[in-house]
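The lines below spell out each chain.
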Amino acid sequence: FEYSLTLLTMPLWAPLCVVIGGLIWLGDGKHPIFKQKRVGQDGRSFDTWKFRTMVPDAEAVLAQKLQEDAALREEWQRDCKLSEDPRITRVGRFLRRSSLDEIPQLVNVLSGEMSLIGPRPLPDYHHEQLPYSVRRLRERVKPGMTGLWQVSGRSEVGSDGMMRWDPYYVRNWSLWLDLVILMRTVRVVIAGSGAR
């Protein structure tokens, strides 16, 4: 169903990808797609596709800022995120607020690595910070583009919310729950709530 739905809606999202990719490329002349290893079903790693929302030398910029600012360093160690991330571009900030940076993950859905709905795929360093019991539950299902954590506060509830909502989703999965999450996703995306 997800594969068919993603394929049928391709005439809508593929042209949008071309436009967004062009805007990112015009900003700095660098490749608009960012790939990152994430932990998927059964603990297997895979490359997630996203629109690049950061400057090309993002890791070097982050390392320098964390070295210079103790408060930033503490926030990064606590949340694996920064509320005011110096690496994010102007276009990138809009893409994150609108969640348009996630659209290329439809390619991951088509390749069978992700679902439309499920726990958020995490980089290995973030995944390893979760309790073992939570990691085990998350690894039982495919990661999703959206999920219960994303529509229940997202970055505002941090890892604590992930530890609460992801296990709940896996244990209580139903088609009805997926439909509720889809409807709430539309509301969250329009409001831009919880995005960083």
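Our subject is the structure that appears above.
A brief look at the structure comes next. The shown structure was predicted, so the numbers you read here are calculated from the model rather than taken from an experiment.

### Brief notes about helix α2 (residues 10-28)
The end-to-end C-alpha distance of α2, which contains 19 residues, comes to 27 Å, matching closely the 27 Å that a straight helix rising 1.5 Å per residue would cover. Of all the positions in α2, only Trp13, Cys17, Ile20, Gly21 and Ile24 are classed as buried. Down the axis of α2, the smallest arc covering the buried residues is 105°, so these residues share one side. Along α2, exposed side chains directed more than 90 degrees from the buried face belong to Pro11, Val18, Val19 and Leu26.

### Quick notes on the layout of surface pockets
Taken as a whole, the second largest pocket encloses approximately 250 Å³ of empty space. Lining the second largest pocket are 14 residues, and of these Glu2, Ile117, Trp173, Leu175 and Asp178 lie nearest its centre. Elements that contribute at least two residues to the lining of the second largest pocket include exactly α1 (2-8), β3 (115-117) and α10 (175-191). Ranked by residues supplied to the lining of the second largest pocket, first place goes to α10 with four residues. Looking at side-chain class alone, the lining of the second largest pocket contains 10 nonpolar, one polar and three charged residues.

### What about the pairing of strand β2 (residues 45-51)?
Where strand β1 (residues 33-39) meets β2, seven bridges bridge the pair, whose relative direction is antiparallel. Note that in β2 the partner of Phe34 across the bridge is Lys50. The loop that links β1 with its antiparallel partner β2 comprises five residues; one of these, Asp42, has a positive phi angle of about 60°.

### Let's talk about the pattern of salt bridges
Using the criterion set out here, one finds nine salt bridges in the structure. Here Lys50 makes a salt bridge to Asp101, at a shortest N to O gap of 3.4 Å. Of the two residues, Lys50 sits in strand β2 while Asp101 sits in the loop between α5 (90-98) and α6 (105-110), which places them 51 residues apart along the sequence. With relative accessibility at 13%, the residue Lys50 sits in the buried group. On the basis of relative accessible area, Asp101 is assigned to the buried category, the value being 3%. Where Arg87 meets Glu59, a salt bridge forms, and the shortest distance between an N and an O atom there is 3.8 Å. With Arg87 in the loop between α4 (70-79) and α5 and Glu59 in helix α3 (residues 58-68), this pair connects stretches of sequence that are 28 residues apart. Look at Arg87 and you get buried, because its relative accessible area is 5%.

### Here we look at the environment of Phe51
Residue position: Phe51 is located in strand β2. Placed 41 residues apart in sequence, Phe51 and Gly92 show a C-alpha to C-alpha distance of 8.2 Å. In contact with Phe51, not counting residues within four places along its chain, are Cys17, Ile20, Gly21, Ile24, Pro32, Ile33, Phe34, Leu95, Leu100, Asp101, Ile103 and Pro104.

Basis of the calculations
Residues numbered from 1 in each chain as written. Predicted model: local features only at pLDDT ≥ 70, side-chain atom pairs only at ≥ 80, totals over all residues. Heavy atoms only, no water. Helix = DSSP H or I, 4+ residues; strand = E, 2+ residues; numbered from the N terminus. Expected span 1.5 Å × (residues − 1). Buried < 20%, exposed > 50% of the residue type's maximum accessible area, 1.4 Å probe, protein only. Arc of directions from axis to C-beta. 1 Å grid on protein atoms, 1.4 Å probe; cavity = no way out; pocket = protein on both sides within 12 Å on 5 of 7 lines; lining within 4 Å. Points joined across faces, edges and corners; volume = space filled by probe spheres on them. Nonpolar A, V, L, I, M, F, W, Y, C, P; charged D, E, K, R; others polar. Pairing = 2+ DSSP bridges. Salt bridge = Lys/Arg side-chain N within 4 Å of Asp/Glu carboxyl O. Contact = heavy atoms within 4.5 Å.

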